[in-house]
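Here is what each chain is made of, one letter per residue.
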Amino acid sequence: MIKNIFLKYKAAILYLFFGGCTTVINIVTYGICMNVLGMGNIISNIIAWLLAVIGAYVTNKIWVFESDTKTLKMLLIEIFNFASCRIVTGGIDLLIMYIGVDVLNYNNLVIKVIANVFVIVSNYFASKFWIFKKEENK
């Protein structure tokens, strides 16, 4: 029974696990850059975002959505689509961080967590239904 549930929700479960790992990387990197190294809010967020996106692509491709690109062209399209989606949600993340931290002066790590919840949900649906959608379902 547990195996059947896992198989039915495998992608979502793995996405939550790896998304959690990616979120930790994002928040810890941001916290170190901003609070330890004294970098600005936006620069810290961009560095954290870049590391998180690289990690997310690898884990999503291999383990979460088990993408099997057959050609270099398919791989490049997949990378382009992934990067495009992450740029959009990264921009939204930056906007939330700018407004929450720089304009409203809220706690930077609290706002970072709030921004990440939005980003994780948005990226899951984009990955599942667009970027890593199985060929037979396209």
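Everything numeric here is computed off the predicted structure, so don't read it as measured data.

Rules of the game
Residues numbered from 1 in each chain as written. Predicted model: local features only at pLDDT ≥ 70, side-chain atom pairs only at ≥ 80, totals over all residues. Heavy atoms only, no water. Helix = DSSP H or I, 4+ residues; strand = E, 2+ residues; numbered from the N terminus. Buried < 20%, exposed > 50% of the residue type's maximum accessible area, 1.4 Å probe, protein only. Contact = heavy atoms within 4.5 Å. Areas by Shrake-Rupley, 256 points an atom, 1.4 Å probe, with all protein chains shown as cover. Lys, Arg positive; Asp, Glu negative; His and termini not counted. Charge placed at Lys NZ, Arg CZ, Asp CG, Glu CD. Salt bridge = Lys/Arg side-chain N within 4 Å of Asp/Glu carboxyl O. Polar contact = N/O pair within 3.5 Å; in protein donor to acceptor, adjacent residues only side chain to side chain. Phe/Tyr/Trp six-rings, centres within 6.5 Å; stacked < 30°, edge-to-face > 60°.

Asker: An account of the overall build of the chain is requested, with residue identities and associated values reported.
Answerer: Check the secondary structure of the chain and you find 5 helices and 0 strands. Going residue by residue from the N terminus, the α and β elements of the chain occur as α-α-α-α-α. Principal-axis analysis of the C-alpha atoms places the extent of the chain at approximately 50 × 40 × 20 Å. Residues counted as buried form 37% of the 138 residues belonging to the chain. Contacts in the chain between residues at least 24 apart in sequence constitute 68% of all its contacts with a sequence separation of at least 6. For the chain, the computed accessible surface area is about 8,400 Å², with 75% contributed by carbon and sulfur atoms. Side-chain charges in the chain split into 12 positive and 7 negative, and the spacing between the mean points of these groups amounts to 6 Å.

Asker: Outline the side chain of Lys-112, supporting the account with residue identities and numerical values.
Answerer: One can find Lys-112 in helix α5 (residues 108-131). With residues near it in sequence (within four places) discarded, Lys-112 still touches Asn-26, Ile-27, Tyr-30, Asn-45, Asp-93 and Met-97.

Asker: Let's hear about the pattern of salt bridges: which residues, and what values?
Answerer: Taken as a whole and assessed by the stated rule, the structure comprises 4 salt bridges. We note a salt bridge from Lys-10 to Glu-66, for which the minimum N-O separation is 2.6 Å. Here Lys-10, found in helix α2 (residues 10-36), pairs with Glu-66, found in the loop between α3 (41-64) and α4 (72-103); they are 56 residues apart in sequence, far enough to count as distant. Here Lys-112 makes a salt bridge to Asp-93, at a shortest N to O gap of 3.0 Å. With Lys-112 in helix α5 and Asp-93 in helix α4, the pair connects residues that are 19 residues apart, well separated along the chain. Assigned by exposure class, Lys-112 and Asp-93 land together as buried.

Asker: Describe the side chain of Ser-67, with residues and values.
Answerer: Tracing the backbone through its elements, the reader meets Ser-67 in the loop between α3 and α4. Side-chain polar atoms of Ser-67 contact the side chain of Glu-78, separated by 2.3 Å. Ignoring anything within four residues of it in the chain, the contact list for Ser-67 reads Lys-61, Glu-78, Phe-132 and Lys-134.

Asker: If you had to explain the packing of aromatic side chains to someone new, which residues and values would you point to?
Answerer: Geometrically, a pair of aromatic rings is defined through the distance of the ring centres and the angle of the planes. For the structure shown, the criterion picks out 11 aromatic pairs. Judged by centre distance (5.4 Å) and plane angle (10°), the ring pair of Phe-65 and Phe-132 falls under stacked. In this pair, Phe-65 is assigned in the loop between α3 and α4 and Phe-132 in the segment after α5, connecting sequence segments 67 residues apart. Judged by its relative accessible area of 7%, Phe-65 falls in the buried class.

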